[in-house]
Amino acid sequence: MAAQKDLYDAIVIGAGIQGCFTAYHLAKHRKRVILLEQFFLPHSRGSSHGQSRIIRRAYPEDFYTQMMDECYQIWAQLEHEAGTQLHRQTGLLLLGMKENSELKTIQATLSRQGVEHQCLSAEELKQRFPNVLLARGEVGVLDKSGGVLYADKALRALQDAIRHLGGLVCDGEKVMEIKPGFPVTVKSTAGSYQAKSLVITAGPWTNQLLRPLGIELPLQTLRINVCYWREKVPGSYGVSQAFPCFLGLGLSPAPHHIYGLPSGEYPGLMKVCYHHGNNVDPEERDCPEAFSDIQDVQILGRFVRDHLPDLEPTPALLEPCLYTNTPDEHFILDRHPKYDNVVIGAGFSGHGFKLSPVVGKILSTRYSTITE
Ligand SMILES: Cc1cc2nc3c(=O)[nH]c(=O)nc-3n(C[C@H](O)[C@H](O)[C@H](O)COP(=O)(O)OP(=O)(O)OC[C@H]3O[C@@H](n4cnc5c(N)ncnc54)[C@H](O)[C@@H]3O)c2cc1C
């Protein structure tokens, strides 16, 4: 067994938002934690990079809406500790046909959970947001608590906090081998470490690390085109015009959501994206796509033309990002079935950023032996 001084309480693999929040909670609880990241930080090769993410309470499932209460508290606490703005409340506008079942379910969840929201008829929407065009029968629901999280700033704040609390953040160190047991041993490209527990938050690379440990999770990695669209009048969909984030439910013939954030991060450009993409190997995400069975950019172009007429209908900028999806798009937060002290957080299915404060808390405590 390793000498006590070399024995960490926990090793966390992957410095995306989930690994960072896990290491942050561990360090806050005075645990000796080391966070290993394969790329030099900051990097843009996983799922957590970029300027912005949507935060909202609006979900069909009560449990996500309930989790968001604590998430908002922890985001505010981190913002306070970091002394920098990580969140901006803009509201989140759900758009869909009046009879859309998901829209009705979300509305019912918001009512049941006592979340302040407002149902807007097409006429009310037109008055409030004249640069949003609705088709006949489409309506809106405004989740007032929705808004924008500043993703890159949040990652930096967490990594600074982990170091400040005595944890180690080691970037440019790819984990090559995991030897399970007590202690668990992890070999990286730069060294070998031992710990009481291991948390794997490796995003799209999760199965690469789990296969040698005898399991493979049903994860699908997708390349998402993050599209920015030029405003015909700069700022007309901007935060300064009180334009909200939006989530379109079934507004196009395509089966997946379309979402957008008010312009702000790149002046004059608004982010509007499709909540789906093409299968990709994370090692090959920057290669020209071998095949594109999902015509996401075309779907978005039609949506922009029909619903956001004050944007140019061809994207001005495309940035790649990766989703790691589970079959039901719910998260995997669990222990390895054979090795109790190996904890796995994966499959955040394109909606895990906002929930990472509580995900990190769960991974750092409930499923591990760390606090025992
Ligand atoms: C375009 C896009 C838009 C999104 N929008 C939203 C949104 O509006 N709201 C929301 O809540 N969520 C959103 N999400 C989802 C959210 O961003 C992800 O759920 C979240 O970032 C997943 O984080 P992660 O830590 O699991 O993965 P990652 O960020 O990919 O982190 C995994 C890390 O592990 C590292 N790693 C892997 N293997 C190794 C190894 N062997 N050794 C060392 N390090 C390793 C990787 O390099 C990587 O840094 C969006 C995602 C995308 C891509």
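Above this note sits the structure.
The present account deals with the structure reproduced in this document. From a predicted model like this one, the values you see are computed outputs, not experimental measurements.

Conventions used here
Note on numbering: residues in each chain are counted from 1, in written sequence order. pLDDT decides what is reported in this predicted model: residues at 70 or higher carry local features, side-chain atom pairs at 80 or more are listed and counted, and totals for whole chains, interfaces and linings draw on all residues regardless. Water and hydrogen atoms were dropped before computing side-chain values, which therefore reflect all heavy atoms in the structure. We call a residue near a molecule or strand as soon as one heavy atom of that residue lies within 4 Å of the molecule or strand. Any pair of nitrogen or oxygen atoms within 3.5 Å is treated as a polar contact; in protein, a donor-acceptor pairing is required on top of that, and neighbouring residues in sequence qualify only through side-chain atoms on both sides. Only the protein chains shown count as covering a residue, and every accessible area follows the Shrake-Rupley method with a 1.4 Å probe. Numbering goes from the N terminus for both helices and strands, where a helix is a DSSP run of H or I of at least four residues and a strand is a run of E of at least two. Three classes are used: nonpolar for Ala, Val, Leu, Ile, Met, Phe, Trp, Tyr, Cys and Pro, charged for Asp, Glu, Lys and Arg, and polar for all others, with Gly counted as polar. Planes of paired rings set the category: under 30 degrees apart is stacked, over 60 is edge-to-face and the rest tilted, where pairs are Phe, Tyr or Trp rings (Trp by its six-membered ring) whose centres lie within 6.5 Å. Here, a charge over a ring means that NZ of Lys or CZ of Arg falls within 6 Å of the ring centre while also lying within 35 degrees of the ring normal. The rule is simple: take the accessible area with a 1.4 Å probe, protein chains only, and divide by the maximum for that residue type; under 20% is buried, over 50% is exposed, in between is partly exposed. Think of it this way: Lys and Arg go in the positive column, Asp and Glu in the negative one, and His and the chain ends go nowhere. When a carboxyl oxygen of Asp or Glu is within 4 Å of a side-chain nitrogen of Lys or Arg, the pair counts as a salt bridge. The criterion used for residue contact is that any of the two residues' heavy atoms lie within 4.5 Å. Given the number of residues in a helix, its expected span is that number minus one, multiplied by 1.5 Å.

**A closer look at the site of the ligand**
No. 1: Close contacts around the ligand come from 37 residues, with E37, S48, I54, C321 and K354 the closest.
No. 2: In this structure, K354 approaches the ligand through a side-chain N or O atom, which is 2.7 Å from an oxygen atom.
No. 3: When the free accessible area of the ligand is taken as 1,000 Å², the share hidden by the protein chains comes to 97%.
No. 4: For the shell around the ligand, the element with the most residues is strand β18 (residues 311-325), which contributes three residues.
No. 5: Along the lines of polarity and charge, the residues of the shell around the ligand split into 19 nonpolar, 13 polar and five charged.

**Focus: the packing of aromatic side chains**
No. 1: What the rule picks out here adds up to 13 aromatic pairs.
No. 2: Residues F39 and W205 carry aromatic rings whose centres are separated by 5.9 Å and whose planes lie at 70° to one another, so their mutual orientation is edge-to-face. Of the two residues, F39 sits in the loop between β2 (33-36) and β3 (52-55) while W205 sits in the loop between β12 (192-200) and α6 (206-210), which places them 166 residues apart along the sequence.
No. 3: Ring plane angle 40° and centroid distance 4.3 Å describe the contact between F63 and Y64, whose orientation is recorded as tilted.
No. 4: Grouping aromatic residues by their ring pairs yields a cluster made of Y59, F63, Y64, F331 and F348.
No. 5: For R45, the ring lying beneath its charged end belongs to F39, and the centroid distance is 5.9 Å.
No. 6: R56 extends its terminal NZ or CZ atom over the ring of Y59, reaching a point 4.3 Å from the ring centre.

**A word on the side chain of E79**
No. 1: Within the secondary structure layout, E79 lies in helix α2 (residues 62-82).
No. 2: There is no salt bridge for the buried E79, and the closest opposite charge comes from K153, which lies 7.4 Å off by N-O distance.
No. 3: Setting aside its immediate chain neighbours within four residues, E79 contacts T84, Q85, L86 and H87.

**A closer look at the pattern of salt bridges**
No. 1: According to the stated counting rule, one finds ten salt bridges in the structure shown.
No. 2: The partner of K361 in a salt bridge is E70, with the nearest N and O atoms 2.4 Å apart. Placement of the pair is K361 in helix α8 (residues 356-364) and E70 in helix α2, with a sequence separation of 291 residues.
No. 3: Classification of K361 as partly exposed rests on a relative accessible area of 35%.

**As for helix α1 (residues 17-28)**
No. 1: Look at α1: 16 Å from first C-alpha to last across twelve residues, which is about the 16 Å you get at 1.5 Å a residue.
No. 2: Burial within α1 is extensive, with eleven of its twelve residues counted as buried.
No. 3: Listed as buried for α1 are I17, Q18, G19, C20, F21, T22, A23, Y24, H25, L26 and A27.
No. 4: Buried-residue contacts for α1 involve β1 (7-13), β2, α2, α5 (151-164), β12 and α8.
No. 5: With its phi angle positive at about 60°, R30 sits one or two positions after the end of α1.

**A few points about unusual backbone geometry**
No. 1: Cis peptide bonds are those with omega within 30 degrees of zero, and the linkage from L41 to P42 qualifies with -5°.
No. 2: A cis geometry characterises the amide bond from F182 onward to P183, with omega recorded as 0°.
No. 3: Locating P183 in the fold gives a position in the loop between β10 (175-179) and β11 (184-188).
No. 4: For R30, which is not a glycine, the phi torsion comes out positive at approximately 60°.
No. 5: Counting through the fold element by element, R30 comes out in the loop between α1 and β2.

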